[in-house]
Amino acid sequence: MKTPVLLCVLLFSQSWAFEFIIDGEWESETSGPLDQNYQSGRYRRSVLTSGEEEDFEAIQGNDITVKSYKVESRITSRFAHTTVKSSVVNSGPTAQSIGFNVQIPKRAFINNFTMNVNGITFIGSVKEKTVARNLYAQARARGKAAGIVRTNSQAMETFRTEVHVPPGSKVEFELHYQEMMQRKLGVYQHMLHLQPGRLVPLLQVDVYIFEPKGIKFVTATNTLGEQFADLSKITHTKEKAHIVFKPTLQQQRKCENCTESAVDGVFAVKYDVERESNAGELQVSDGHFIQFFAPSDLSPLSKNIVFVIDVSGSMWGLKMKQTVEAMKAILDDLSMDDYFSIVDFNHNVRCWSDDLVQASSIQVDEAKKYVQSIKPNGGTNINEALLRAVQMLVRASNQGLIDPRSVSMVILVSDGDPTVGEIKLSTIQKNVKRVMREEFSLFSLGIGFDVDFDFLERMAMDNRGVAQRIYANHDAAEQLKTFYSQVSSPLLRSITIHFAESAVNNVTQNRFDKFFSGSELIVAGKLQPSDLTTLQSFTTAAAANMDLNIQTEADIGELDSVLGTHQHSFPGFARQMWAYITVNQLLAERSLAPTAAKKRRITQRIVALALEHQFVTPLTAMLVEGYDQGRAERLIADSPRDSKHGCCSATAPLSGPPPVQQLVYANPPWLLSTVAPNPKEVAGVRDSIIPGHITGVDSDPHFIIHLPKSNMDICFNIDSRPGHILNLISDPGKGVTINGQLVGSKKMKNNKIQTYFGTISIYSKTDGVQVIVGTDRIDLMEGRNNHSFSWGATAELALYRMKVTIVKEQHVTVTIDGRISVMVLLHRVWKKHPVQVDFLGIYMSSDNKYSTQVHGLIGQFAQEPKLKVYGMHEGADPKKKEATMEVKGNKIAVTRGWQKDYRRDKKRGSDVYCWFIHNSGKGFIDGSYTSYILPQLDSFLTAI
């Protein structure tokens, strides 16, 4: 077996591959701050050239037979492990080189590569780059190498390897890479490039998805052509999906009798996950945790945007045309709550408006005309343009024109390096950093291949933004609009995700400046050794009109036991995802390091993590080694310098978790916990102690009115119809109305449809805030703002004078100005119950401070009526006494009985003994119950 290996090294030393292997970070670690890199010339710009375009084939060679080409991806909780395998035979009469090329996402890290040549196996291991290169130096002269280069692609890199083998040789390639799925515009997308370059007897793609909380949808599309449109098969259950693409040899042909393959394009899988609540999803596995946070159903924050557009001569033609087209669409997308202006620059800087203006239809039309009239010419003065834009935001802020809850940003669009004014990149970066305020962000869009994208990216990361390259082709306008869509709808500001310090360590970035609709924030870390069985997270954030305080938790052992039962899941996903996020954040920090010493410290951390988790990064390389008769043969897989994948920002240091302020809900004394009591406490249910006096409505619907002066509880039912809205509290003096809408049972019981409260509305007209509590969600509405939360997480929300506390699957407490407090209790029933439905109970403190104008089925008793009960005697039921009650000038027959208070125990309840009034409270309530039926949930009661 020695001869094939010797032949294997003959030709590759002449390959162009050696030119790109050294495209790593080789600047001196002793160099100074950023500007020294520019001065020394050691800094390599990430500039793409059109010359890099070339025909791509996964398997290269003449007179070869590709036996199989298989791609398998296992995606577990948004983390993908992809394996690409191919088996190739040199079927020609002479020795030749066989190439194996794989296009992988720029965000991915290669973490394994093996190659078997006629029984000799080469196995990869990641090493620090200089170590790997020293070991490789001996083998390089013999002509073996593997490497990664950047290609002219929007999101891909190309892994290339080549081996020279004699006729009849069999070669098997296997490449592994890992990446974290990024959620954009509400979708995760997993892209696989399929370009085998020839017909393959066994061509197969398998994508396995496992999401513990459930998969919302999954689709598979491709750009291979119409003949492949219906060849994907998707098997989808609640938590799992399997996507198979397996075209036959005949289906691969370009035409019926063609010998060329039509498989040349992208196979894409798109999906999203189910989300129970806006608290996010906390997962614990393998000693690590991952917190996913992607709230929805929140009103967008208003925006203050300054668009900074390069109109230098290099933008002439298609670039400017596409930019104008995109800008017109973007301006149309602005809402009336947004403020904006436009700065365009060449060698001079012009402002469409010197101050921010409201995005009214008139102003938007004027701005579109201005953009349409731009004629590119001259040089590029980026420094002055950005400073002018930031000054515009600062001036608006100083004048109080910016809503403190709004989001302020500068969006830069440029296609080249500065040529006028300040042209030193490091100085421009420092200038912008100096004037930018903490509440402002910079987003950079680099058009084409002439722009120094590294500079734009560092400047954006330094100012709480991101950068994206826009490729100057026919769809550049769509690229611009898509990017804007990703940042056009900010939902939250100042987000922090806390964990108890004693429970976790090595936490990734957990403080975020903004959250945009359709995206996702991810925090990961390690668990501290402890006896804990659950892990809790605490999230704080600011929304358009309220502050959020959200709590969620996860069972520490549950997910691992589930993963063990799923054949195609990735059990080590949490450990690798934590490392992936940490390495990317450290790479971003390293690019912004102000001193060589700090850069060295960060470098050491990156290398240590990359070696432990086997990631090929800009600072590591994969050494691929094999042995033939005891003799080492080596290849090397390297990474390009510019591998900042954009998954993570560097706006916060990785210095461990901050102190945790746990959510401690200080419920008022009348609001008892809704956990099941000790069995001893429920022995003899009817003799249980009454847990405090309360006024409330529960079950179908039973009213309990506590009259403190008489020390008496009065009960009555309301027999109304499903859909009716009953007024409980109507207080025009306080501007508060509380109403409940009835829902009906699934079918009749005893020839009667039972009714329950399915929706409770608490509306403060004074604040313009309405809280609507349903059995499936809780809505908070204020003007045009509408926020929705599920029952799936504990949360605390503050809107002006109103405080809303949600306790997971238990109850919602609403307090208005600290004077009126209401608790809505959730009752869940078996989903397949033949009769009952989920319903709500409502309880109110007898100490609520209403005005003298208060009324309603409950509110009228805030001013307690005088009553007398007399003539008690045996009734038809010997357990229930009967009597006569005098109240409000009426004599009413009443029965002694009990109703249930479910605050302490939702299953059994506690007995509240009361005098029961028949006929829907007739004689006890003012007028008839029908007088309390209202048209809308926010209606006030009219005079009775």
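Residues numbered from 1 in each chain as written. Predicted model: local features only at pLDDT ≥ 70, side-chain atom pairs only at ≥ 80, totals over all residues. Heavy atoms only, no water.

K.L.:
A description of the overall build of the protein chain should follow, citing residues and the corresponding values.
P.N.:
Helix and strand content of the protein chain: 15 helices and 52 strands. Across the 944 residues in the protein chain, those meeting the buried criterion constitute 60%. For the protein chain, the share of sequence-separated contacts (at least 6 apart) that also reach a separation of at least 24 residues comes to 70%. Accessible surface computed for the protein chain: about 38,200 Å², of which carbon and sulfur atoms make up 49%. (Helix = DSSP H or I, 4+ residues; strand = E, 2+ residues; numbered from the N terminus. Buried < 20%, exposed > 50% of the residue type's maximum accessible area, 1.4 Å probe, protein only. Contact = heavy atoms within 4.5 Å. Areas by Shrake-Rupley, 256 points an atom, 1.4 Å probe, with all protein chains shown as cover.)

K.L.:
Got a sec to walk through the state of the cysteines? Specific residues and values, please.
P.N.:
For the structure on display, the rule yields 2 disulfides. Each sulfur in the disulfide pair Cys255 and Cys258 lies 1.7 Å from the other. Between Cys255 and Cys258, the disulfide has an S-S torsion of 95° and is therefore right-handed. Its relative accessible area of 38% is what places Cys255 among the partly exposed residues. We classify Cys258 as buried; its relative accessible area is 18%. Between the sulfur of Cys715 and that of Cys914 lies a disulfide, 2.0 Å long from S to S. Because the torsion about its S-S bond is -115°, the bridge between Cys715 and Cys914 counts as left-handed. Placement of Cys715 in strand β36 (residues 712-717) and of Cys914 in strand β51 (residues 910-917) is noted, with a sequence separation of 199 residues between them. (Disulfide = S-S within 2.5 Å.)

K.L.:
Describe helix α10 (residues 453-461), and please don't skip the residues or the numbers.
P.N.:
Burial analysis of α10 places 9 of its 9 residues in the buried class, which makes it a mostly covered element. Phe453, Asp454, Phe455, Leu456, Glu457, Arg458, Met459, Ala460 and Met461 are the residues of α10 that are buried. Two or three places before Asp454, at the opening of α10, Asp452 has a side-chain oxygen 3.2 Å from that residue's backbone nitrogen. (Polar contact = N/O pair within 3.5 Å; in protein donor to acceptor, adjacent residues only side chain to side chain.)

K.L.:
Account for the sheet that holds strand β16 (residues 265-273), with residues named and values stated.
P.N.:
In spatial order, the strands read β10-β11-β16-β13; together these 4 strands make up an open sheet with antiparallel pairing. Two strands bound the open sheet, and with one partner strand each, they are β10 (183-184) and β13 (215-222). (Pairing = 2+ DSSP bridges.)

K.L.:
Please give an account of the side chain of Gln283 that cites residues and values.
P.N.:
If you trace the backbone, Gln283 turns up in strand β17 (residues 281-285). By relative accessible area, which is 4% here, Gln283 ends up buried. Looking at Gln283, its side chain comes within polar contact range of the side chain of Glu281, at 2.3 Å. Filtering out sequence-adjacent residues up to four positions away, Gln283 remains in contact with Ser77, Arg78, Pro212, His288, Phe289, Ile290, Phe292, Leu559 and Phe573.

K.L.:
Can you break down the pattern of salt bridges residue by residue, with the values?
P.N.:
Side-chain pairing between opposite charges can occur once the charged atoms of the two side chains come close. One pass over the structure, following the stated rule, counts 35 salt bridges. The partner of Lys303 in a salt bridge is Asp338, with the nearest N and O atoms 2.9 Å apart. Of this pair, Lys303 sits in strand β19 (residues 303-310) while Asp338 sits in the loop between α6 (318-333) and β20 (339-345), and the two are 35 residues apart along the sequence. With its nearest N and O atoms 2.8 Å apart, the salt bridge here joins Lys888 to Asp926. Of this pair, Lys888 sits in the loop between β49 (881-887) and β50 (890-901) while Asp926 sits in the loop between α15 (918-921) and β52 (933-934), placing them 38 residues apart in sequence. Taking the relative accessible area as the measure of exposure, Lys888 reaches 35% and is therefore partly exposed. A cluster of three or more residues bridged by salt bridges with shared partners is formed by Arg78, Arg183, Glu211, Asp272, Arg275, Glu281 and Glu520. (Salt bridge = Lys/Arg side-chain N within 4 Å of Asp/Glu carboxyl O.)

K.L.:
Can you lay out the sheet that holds β17 for me, pointing to particular residues and giving the numbers?
P.N.:
Spatially, the 4 strands line up as an open sheet ordered β17-β18-β29-β27, and their pairing is antiparallel. A single partner strand is all that each edge strand has here, and the edge strands are β17 and β27 (504-505). In this structure, β17 lies alongside strand β18 (residues 288-293), joined through 5 bridges in antiparallel fashion. Within β18, the residue paired with Leu282 across the bridge is Gln291. The strands touched by helix α13 (residues 573-591) within the sheet are β17, β18 and β29 (521-527), with β18 carrying the most contacts at an inclination of about 70°. (Axes fitted to C-alpha atoms, helices over the stretch in contact; angles between N-to-C directions.)

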